[in-house]
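Breakdown of the fold
Take a look at the letters that make up each chain.
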Amino acid sequence: MTELTERSQRRTGLRIWLIVTQLLAFASILLSFPLIVVYGMADQGQGVPPQFYLAFFYPIFPLTMSIGAWMAFVRRKNMLAAILSGLSLSLIPVMVFIWTNL
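Cut-off values and rules
Throughout this description, residue numbers start from 1 for each chain and increase along the sequence as written. Under the rules for a predicted model, residues below a pLDDT of 70 receive no local features and side-chain atom pairs below 80 are neither given nor counted, while totals for whole chains, interfaces and linings still include all residues. With hydrogens and water set aside, each side-chain value is computed from the structure's full complement of heavy atoms. By definition, no residue in a patch forms a salt bridge, and every one has over 30% relative accessible area; like charges are joined within 9 Å, nonpolar side chains (Val, Leu, Ile, Met, Phe, Trp, Tyr) within 5 Å. Methods summary: accessible areas were calculated by the Shrake-Rupley approach with a probe of 1.4 Å, and residue burial reflects only the protein chains presented. Each salt bridge in this description consists of a side-chain nitrogen of Lys or Arg and a carboxyl oxygen of Asp or Glu lying within 4 Å of one another. A helix here means a DSSP run of H or I that spans at least four residues, while a strand means a run of E at least two residues long, and both kinds are numbered starting from the N terminus. Residues belong to one nonpolar core when they are buried, are Ala, Val, Leu, Ile, Met, Phe, Trp, Tyr or Cys, and are joined through side-chain atoms within 4.5 Å. Relative accessibility thresholds used throughout: buried, under 20% of the residue-type maximum; exposed, over 50%; partly exposed, between the two (1.4 Å probe, protein chains only). Here, residues are in contact when the closest pair of their heavy atoms is within 4.5 Å. Stacked, edge-to-face and tilted are the three classes for Phe, Tyr and Trp ring pairs, Trp counted by its six-membered ring, which pair at centre distances within 6.5 Å; planes under 30 degrees apart are stacked, over 60 edge-to-face, the rest tilted. A positively charged side chain is recorded as over a ring if its NZ (Lys) or CZ (Arg) lies within 6 Å of the ring centre. The angle to the ring normal must also be within 35 degrees. Two N or O atoms count as a polar contact when they lie within 3.5 Å, although within protein this holds only if one can serve as hydrogen donor and the other as acceptor, and sequence-adjacent residues are included solely when both atoms are side-chain atoms.

We now examine a nonpolar patch on the surface. On the surface, V48, Y53, F56, F57 and I60 cluster together to form a nonpolar patch covering roughly 480 Å² of accessible area. With respect to the helices and strands, the residue I60 is situated in helix α3 (residues 60-74).

Pasting the structure below:
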């Protein structure tokens, strides 16, 4: 009986980790939309800057990692779920760099 409660407590902690990291990833995705607009409007015949492509394709990575994390969680692959959920935050420094170098 104690093994069952210990296992469910680990799953609860993992569930909290998944939710927190993916809320942060969602917030970073929301912050990428103004960048897309700013860089998309700044074309002025010079072509689209590379930062536009980074901001435009950025949401694909966190969304893919989040979906993979929840799929691993459902399949009870706890370590993989934790790693994929953490990876969903790995590109946030890129977004911070783009925001600070407008």
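Residues I29, L35, I36, Y39, F52, A55, Y58, M95 and I98 constitute the largest nonpolar core, which totals nine residues. Every element with two or more residues in this core is listed here: α1 (2-41), α2 (50-57) and α5 (92-100). Of all the elements, α1 adds the most residues to this core, at four residues. Apart from residues lying up to four places away in sequence, I29 is in contact with Y58, P59, P62 and L63. Core analysis: the second largest hydrophobic core is formed by eight residues, L18, A69, F73 and L84 among them.

To continue, consider the environment of F26. Among the structural elements, F26 can be located in helix α1. According to the relative accessible area criterion, F26 is partly exposed, its value standing at 47%. Separated by 33 residues in the primary sequence, F26 and P59 place their C-alpha atoms 8.6 Å from one another.

This part covers the environment of F73. Within the fold, F73 resides in helix α3. For F73, a relative accessible area of 6% corresponds to the buried category. With 62 residues separating them in the primary sequence, F73 and R11 have C-alpha atoms 8.6 Å apart. Excluding its chain neighbours within four sequence positions, the residues that come into contact with F73 are R11, L14, R15, L18 and A81.

On to the packing of aromatic side chains. Going through the model one piece at a time under the given rule, you end up with two aromatic pairs. Judged by centre distance (5.1 Å) and plane angle (90°), the ring pair of F56 and F57 falls under edge-to-face. Sitting over the face of the ring of F73, R11 holds its NZ or CZ atom 3.9 Å from the ring centroid.

Moving on, we get to the side chain of T21. Mapped onto the secondary structure, T21 falls in helix α1. A polar contact of 2.3 Å, which involves the side chain of T21, links it to the side chain of S85.

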